[in-house]
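The residues making up each chain are set out below.
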Amino acid sequence: QVQLVESGGGLVQAGGSLRLSCVASGRTFNSYVMGWFRRTPEKEREFVAYLTLSGGSSSYADNVRGRFTMSRDNAKNTAWLQMNSLKPEDTAIYYCAAAGRGARDLSSRNAYDYWGQGTQVTVSS
């Protein structure tokens, strides 16, 4: 079992930045691919980014690539999502998630076994 807790959300003006954190407890953090998803009233959990076990490979959604950067520190059991040049359309609840070894289609929420409770990000225009 893995417990995930996100933090760092808040209200920011368009063009600003936020850094989300996801702290994991329970089983070995470096056994899991970490991902970030977001949910709005219009969209179910939408893929944002994922980062592989050692941080050697990452993938981003087209609408955040170049603005968002994901990182992790396995020694600290923590993953981060640095969000720059935020836009009003980035407003959502952001969730971190963990997928076990061998998971496929890591841009799909179905690949992930564990989820945090979410943190609200609001970008004002």
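Being a predicted model, the structure only gives us computed values, none of them experimental.

A. Inspection of the overall build of the chain at higher detail. A count of helical and extended segments in the chain gives zero helices and eleven strands. Listing the helices and strands of the chain from first to last along the sequence gives β-β-β-β-β-β-β-β-β-β-β. Each principal axis of the C-alpha atoms in the chain carries an extent, and together these give about 40 × 25 × 25 Å. Put simply, the chain has 125 residues, and 46% of those count as buried. Within the chain, counting contacts between residues at least 6 apart in sequence, those at least 24 apart form 57% of the total. Accessible surface computed for the chain: about 6200 Å², of which carbon and sulfur atoms make up 43%.

B. Spatial organisation of the sheet that holds strand β1 (residues 2-7). The sheet built from four strands is open, its strands ordered β1-β3-β8-β7 with antiparallel pairing. Whereas interior strands pair on both sides, the edge strands pair on one side only; in this sheet they are β1 and β7 (68-73). Neighbouring strand axes in the sheet, compared pairwise and without regard to direction, differ in orientation by 15 degrees on average. Taken together, the six bridges between β7 and strand β8 (residues 78-83) define a ladder with antiparallel strand orientation. In the strand pairing of β8, Arg72 is matched with Ala79.

C. Region of interest: the packing of aromatic side chains. On inspection of all chains with the given rule, the structure shows seven aromatic pairs. Centroid distance Phe37 to Phe47: 5.8 Å. Interplanar angle 70 degrees. Geometry classified as edge-to-face. Placement of the pair is Phe37 in strand β4 (residues 33-39) and Phe47 in strand β5 (residues 46-51), with a sequence separation of ten residues. The same class applies to Phe37 and to Phe47, which are both buried. Here the aromatic cluster, defined as three or more aromatic residues joined through ring pairs, consists of Phe37, Phe47, Tyr50, Tyr95, Tyr112 and Trp115.

D. Molecular detail of the environment of Ala111. Among the structural elements, Ala111 can be located in the loop between β9 (92-99) and β10 (114-115). The class of Ala111 is buried, set by a relative accessible area of 10%. Counting along the chain gives twelve residues from Ala111 to Ala99, while the straight-line C-alpha distance between them is 6.1 Å. For Ala111, the residues in contact, after removing those within four places along its chain, are Ala99, Ala103, Arg104, Asp105 and Leu106.

E. Just the state of the cysteines, in detail. Per the counting criterion, the structure on display carries one disulfide. In this model, Cys22 is linked to Cys96 through a disulfide, with the two sulfur atoms separated by 2.0 Å. Taking the torsion about the sulfur-sulfur bond, which here is approximately 55 degrees, the covalent link between Cys22 and Cys96 counts as right-handed. Note that Cys22 is positioned in strand β3 (residues 18-26) and Cys96 in strand β9, a separation of 74 residues in sequence. Accessibility expressed as a relative area gives 0% for Cys22, which makes it buried.

Definitions and cut-offs
Within each chain, residue numbers correspond to sequence positions counted from 1 in written order. A pLDDT threshold of at least 70 governs which residues receive local features in this predicted model, and a stricter bar of 80 or more applies before side-chain atom pairs are shown or counted, although totals over entire chains, interfaces and linings include all residues. With hydrogens and water stripped out, all remaining heavy atoms of the structure feed into the side-chain values. For the purposes of this entry, the term helix denotes a DSSP run of H or I that reaches at least four residues, the term strand denotes a run of E that reaches at least two, and both are numbered from the N terminus. Buried, partly exposed and exposed residues are distinguished by accessible area as a fraction of the type maximum, computed with a 1.4 Å probe on protein chains only: under 20%, between the cut-offs, and over 50%, respectively. What makes two residues a contact is simply this: any of their non-hydrogen atoms within 4.5 Å. In this description, accessible areas are obtained by the Shrake-Rupley approach with a 1.4 Å probe, and a residue is regarded as covered only by the protein chains that are shown. What makes two strands pair is DSSP finding at least two bridges between them. Fitting a line to C-alpha atoms yields each axis, with helices limited to the stretch in contact; the angle taken between N-to-C directions then spans 0 to 180 degrees. Stacked, tilted and edge-to-face pairs are distinguished by plane angle, under 30 degrees for stacked and over 60 for edge-to-face with tilted covering the rest, among Phe, Tyr and Trp rings (Trp via its six-membered ring) whose centres lie within 6.5 Å. Cysteine sulfur atoms are paired as a disulfide whenever they fall within 2.5 Å.

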